[in-house]
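# Working through the structure, step by step
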Amino acid sequence: MNTELLKLLENDARLTASQLAVMLDGDAEQIAKELEEYEKNGTILGYKAIVDWEKTEQESVTAMIDVKLTPQRDRGFDRVAEKIYNYPEVKSVYLMSGAYDLSVLIEGKTMKEVAFFVSQKLAPIEAVISTATHFVLHKYKDKGVLYDASEIDERGNV
Amino acid sequence: MIDYGKVLSRTVVETPKSGIRKFFDLMSTMKDVVGLTVGEPDFQTPWHIREAGIASLEKGRTYYTANAGLMELRQEINNYMTRRFSVSYDPASEVIVTVGGSEAIDLAFRAVIEAGDEIIIPTPSFVCYAPLARIAGGVPVILETKFEDKFKIDPEALKAAITPKTKMLVLPYPNNPTGAIMTRQELSEIAEILRDTNILVLSDEIYAEMTYTGDHCSIASLEGMWERTIIASGFSKAYAMTGWRMGYLCAPAPIAEQMLKLHQYGIMSSPTTAQFAAIEALKNGEEDIRMMVNEYNRRRRYIYNGLKSIGIESFEPEGAFYIFPKIGDYGLTGEEFCSKLLYDYKCAIVPGSAFGQGGENFARISYAYSIQHITQALERIEAFVKTL
């Protein structure tokens, strides 16, 4: 597994195979093949832009919901998790250790929309014992990227 | 009215301004310039190091330290030098914490130079050696290194430059601006020439962690060289700590004792906050160095290949974070090339002439920038070169 290659892409997905080859002192065709393989076997799941929606006119709210569940016979939490992650407004679902079972990250246009999702879709699921919804007020850093970082190079020339 | 022509030191007045400076002043008057000019890391000081500085302030550690620096820091410097380069120094008498590597160089010159002493300075190299040597009363003797020799010191040329007045050889490797290094084998040829003389070596090892084809070798680790070598180094490049102004000197006690006097009267002690941060850097910063050096190495390959594909010949740098392409083949001097590139294509690189004799047909390009930024600059250079 070429973890250096994967880390470079995780940091900047726009790097081309030939750029990566030069940086890693490798062969462009070989790197392209490796990437294809990673895409096929699901090591690389996608390439996406990181958008700061606060800078757009698009209204958007994010909430993290702690969900407590009753595990189901034979299936554990998998079946309920599937039920939840199939909703397109759900952006991530993690199985957690600790005080609750699932951490659900949801994005909606308004708080109302998120509240509606919780009360009408999430809470009624049979296995769900309780939910606690936390609204995100501001993103400082996400997936390793700073949201308010200044672009200005302040280094002095000496 | 006062006549400034009469009151100022002639030596200082006659010292030229840094040639890099001249170019930067020009650059700062222009907009939307993509520059590859900066001589410092684009990384921030790792957070755990910054935190150690902050913690020292919170605890109220705002006093002077010992003149030579905190004992714990001097011990860590010795541990580091022993661990990395197999050279050891007594923290009590052979290590001095300075205000950056620059002060270290200045102290080394001033502690040993008598009026008229000759200081052999290989060029192209960083801008400070000749002016500081001259201000200390020395006579700089320029030893030009060549592209064909990968900008290393040619032992025969060194022999020819030595006279009875030679006091010191400056050894600026890994080199800014050429990216050259000197291997153990090459250094031993230099050592062979100096071993039975009274000539000192000032080894500027500020870029020692930034080597890409093998570990840095300090000349002090070679037989017979420890006793005549002053090592000037610091935290700026290795730990991305330029603004903290943390450097150090390692030298045999008789030399260190004299340098310490200069530091004591001129500086007192290096900034305390920065010293506490530096202790943390030496104790827990090795992983940070590796991460940064790996990144520089990828950029190094990227920019070397980028220039090559444009058709610009360069020596493939083996150390520091600069590349020194040969731009003299286009019928322009280095300065003309850089000015045109700046004015017409808004891309800034530094003319090699700023780094002394032998740099006239070259330019210094720093790769302490993101790949995206480097790509943008390469596009502009390519567009410019196509018109020549």
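Keep in mind it's a predicted model, so treat the numbers as computed, not measured.

Parameters and conventions
- Residues numbered from 1 in each chain as written.
- Chains lettered and ligands numbered in written order.
- Predicted model: local features only at pLDDT ≥ 70, side-chain atom pairs only at ≥ 80, totals over all residues.
- Heavy atoms only, no water.
- Contact = heavy atoms within 4.5 Å.
- Buried area = accessible area lost by both parts, 1.4 Å probe.
- Salt bridge = Lys/Arg side-chain N within 4 Å of Asp/Glu carboxyl O.
- Polar contact = N/O pair within 3.5 Å; in protein donor to acceptor, adjacent residues only side chain to side chain.
- Helix = DSSP H or I, 4+ residues; strand = E, 2+ residues; numbered from the N terminus.
- Nonpolar A, V, L, I, M, F, W, Y, C, P; charged D, E, K, R; others polar.
- Buried < 20%, exposed > 50% of the residue type's maximum accessible area, 1.4 Å probe, protein only.
- Lys, Arg positive; Asp, Glu negative; His and termini not counted.
- Domains from an automatic or database assignment.

Facing the 19 residues of chain B at the interface are 15 residues of chain A. At the boundary of chain B with chain A, total buried surface from both sides reaches about 1,500 Å², with 52% on carbon and sulfur atoms. Run the count over chain B and chain A and you get one salt bridge. Put simply, B:Arg298 and A:Glu4 hold a salt bridge, and the shortest N to O gap is 2.6 Å. On the surface where chain B and chain A come into contact, there are six residue pairs in polar contact (both at pLDDT 80 or more). Breaking the side of chain B that touches chain A down by element, the ones donating at least two residues are α3 (19-27), α12 (286-310) and α14 (371-386) of chain B. The leading source of residues in the side of chain B that touches chain A is α12(B), at five residues. Residue classes in the side of chain B that touches chain A are distributed as nine nonpolar, four polar and six charged.

What follows concerns the side chain of B:Lys237. All names here are of chain B. Along the chain, Lys-237 turns up in the loop between β7 (229-234) and β8 (246-250). Within the buried core, Lys-237 has no salt-bridge partner, and the shortest N-O distance to an opposite charge, that of Glu-40, equals 7.1 Å. Lys-237 has contacts with Gly-39, Pro-41, Ile-206, Tyr-207, Met-210, Phe-321 and Tyr-322, leaving out every residue within four places of it along the chain.

Residues and elements named next belong to chain B. Under the domain assignment used here, chain B contains domain 1 (4-45 + 287-386) and domain 2 (47-285). Listed by partner, the interface residues are 40 residues for domain 1 and 42 residues for domain 2. In total, domain 1 and domain 2 occlude about 3,400 Å² of area from one another, counting both sides; carbon and sulfur atoms represent 63% of this. Looking at the side of domain 1 facing domain 2, the largest losses of area belong to Thr-45, Phe-315 and Glu-318, adding up to 23% of the total buried there. Summed over the shared surface of domain 1 and domain 2, the number is one salt bridge. We note a salt bridge from Lys-152 to Glu-318, for which the minimum N-O separation is 3.8 Å. Run the count over domain 1 and domain 2 and you get 22 residue pairs in polar contact (both at pLDDT 80 or more).

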